[in-house]
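# Residue-level structural notes
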Amino acid sequence: MTNSCDLQIKINGQQIFLLKEKIISKYCGKVKKILNHQKRRCHVKEMGIRVNDFPGGSDGFELVSRFCYNNGKIPIDVSNVSLLHCCAIYLGMTEEVFDNNLLQQTQTFLEGIHYWKWNDIVLSLVSCEMFYEYADCYGLLEKIIHAVLIKIVQNSDANLNTSFTSLSSSSLSSSSTPSSPESNYAKRFSSSTQTTSEKAKSSLTSKAWWFEDLETLPPKIIEKLFRCIESYKDDNNSLIFTRFLLQYLKTATQTRNTDYRNSSEYAALAETAAYGVIFVERLIGGMLEQATLDDLLVSGQDMGIYYDVNLVIRLVRQFVGTNGYDGMCLQKMKRVGRLIDKYLREISPDQNLKISKFLGVAECLPDTARDCFDGIYRAIDIYLESHPNVPFEERSRLCKCLNYSKLSFGASKDLAKNPRIPPTVAMQALISQQTKIPTTNFVTESPRKSHSQIVLYNQGSIDSFSQEKKHMKLNLETLKCKTVEVEKLEEMNGQVSNMFSRNVLLTPARARASPRYC
């Protein structure tokens, strides 16, 4: 038995195979060349070969040995076809060496990959991890990944193909025939570059049924997947795959034993995810006028804030940067202004919402986005009511986001009577309203109208308006007096804020003694 085995092959320094030279060299062109070269150099009967980088190690070579000793036959399935294919290429098991050799058989099997079941394709892709470099070099990895992408499209919502906006059809043309599934796939994705905002938005809500299956893949295969769709690092503009990558990284950090201090295998994926998030925010921010209040109420995780305020600020800034300040986008800007005012009123009761964040949201839009600042005032009032311990000086700071000239007359009246609003702020609001008060209580005749077209207010309306005017003047005079008192206290004591808040706002006796604004 020993004499019949005249060839020793040591695979990756792990295992030695005792084989018959005639059988192995019959199918393996590379082994045959090595043996012929050795025979020319030394005239010894027993030959030995060392292979240090064989695909799949000893397991892969054992499969090849079985193929050779079984007269060129071996059961091929989805679990071993990838390994057998790489081994066949490595050993030169081509048609030039023997008819219907191993390479031809694996290629025939792989031609039907687009008709495999989803689990079979994923299983074949997972098996490539042990011989990744060869699968990548031989083009097998890209072929399987393309099959994965096709299955995702075929079994997902019709709008899912809008997510792959950057896939190049030229990357598939070299291995595709005009009627092959790859060609149809390339056409579908190349036509998806003309993506509308509505389609892109709907793709975000597609059911990601395939996330969990691909989460088991190693990071280098995930990186290859993103390279195949040309969405790697700063080229990432795939919405659905960015969502997948964020979930993949989250799962990896929670379940995998990876030493991130000594390994950078996830670093490139994290960078790709970051660029994807930026792209998604830019896309969503550009069409923010289509959003609703519920769309903005995203849960927050920073500093205990219930809502993700930073995200909304970034989206609004993206919207402003995309739409600019021209007149054509003014209506969009005003719709977003009304939306942000609703958002501020919704988040104001949050006890962990800081004034800086409130102002960040209120001031991220230009002044032209609001015809009226009543919504901002109502949000400020809700905030101060929910945060009774806000210092006096911080209340004044909070009110700086108000444009007093754009407050309605009713809002200004309410602001003047509001005990939570600092008097100086109320006075500024009333001064801005004073210019809107007419100097007469009647309507003069228009030069273009005849005597029969003169319109007069009834006596009740005139009396009512006169009364409002008197109230406003009284409030203004009262606030002026309070301002003088504050200035005197400021000269006497450097801690005017604490004294005023303690003795004027917080002491019940003084509060009752102070005149009401209206």
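Everything in this summary refers to the structure shown in the same document. (Residues numbered from 1 in each chain as written. Predicted model: local features only at pLDDT ≥ 70, side-chain atom pairs only at ≥ 80, totals over all residues. Heavy atoms only, no water.)

Moving on to the overall build of the protein chain. For the protein chain, the count of helices and strands is 26 helices and three strands. A total of 518 residues make up the protein chain; the buried ones form 45% of that total. For the protein chain, the proportion of contacts with a sequence separation of at least 24, taken over those separated by at least 6, is 72%. Just so you have it, the protein chain exposes about 28000 Å², and 51% of that area is on carbon and sulfur atoms. (Helix = DSSP H or I, 4+ residues; strand = E, 2+ residues; numbered from the N terminus. Buried < 20%, exposed > 50% of the residue type's maximum accessible area, 1.4 Å probe, protein only. Contact = heavy atoms within 4.5 Å. Areas by Shrake-Rupley, 256 points an atom, 1.4 Å probe, with all protein chains shown as cover.)

Our next topic: the side chain of Asn-101. The residue Asn-101 is located in the loop between helix H4 (81-91) and helix H5 (102-110) in this model. If sequence neighbours within four positions are ignored, Asn-101 has contacts with Tyr-27, Phe-67, Met-93, Thr-94 and Glu-95.

As a further point, take the packing of aromatic side chains. For any pair of aromatic rings, the description consists of the separation of the ring centres together with the inter-plane angle of the planes. If you walk through the whole model with that rule in mind, you get 19 aromatic pairs. Between Phe-244 and Tyr-248, the ring centres sit 5.8 Å apart and the planes meet at 40 degrees, which makes this aromatic pair tilted. In this pair, Phe-244 and Tyr-248 are both assigned in helix H14 (residues 239-255), four residues apart and thus about one turn of the helix distant. Each member of the pair, Phe-244 as well as Tyr-248, is classed as buried. (Phe/Tyr/Trp six-rings, centres within 6.5 Å; stacked < 30°, edge-to-face > 60°.)

What follows is about the pattern of salt bridges. Summed over all chains, the structure comprises ten salt bridges. For the salt bridge of Lys-224 with Asp-136, the shortest nitrogen-to-oxygen distance reads 3.0 Å. Here Asp-136 lies in helix H7 (residues 132-137) and Lys-224 lies in helix H13 (residues 219-228), a separation of 88 residues in the sequence. Exposure remark for Asp-136: the relative accessible area of 28% places this residue in the partly exposed category. (Salt bridge = Lys/Arg side-chain N within 4 Å of Asp/Glu carboxyl O.)

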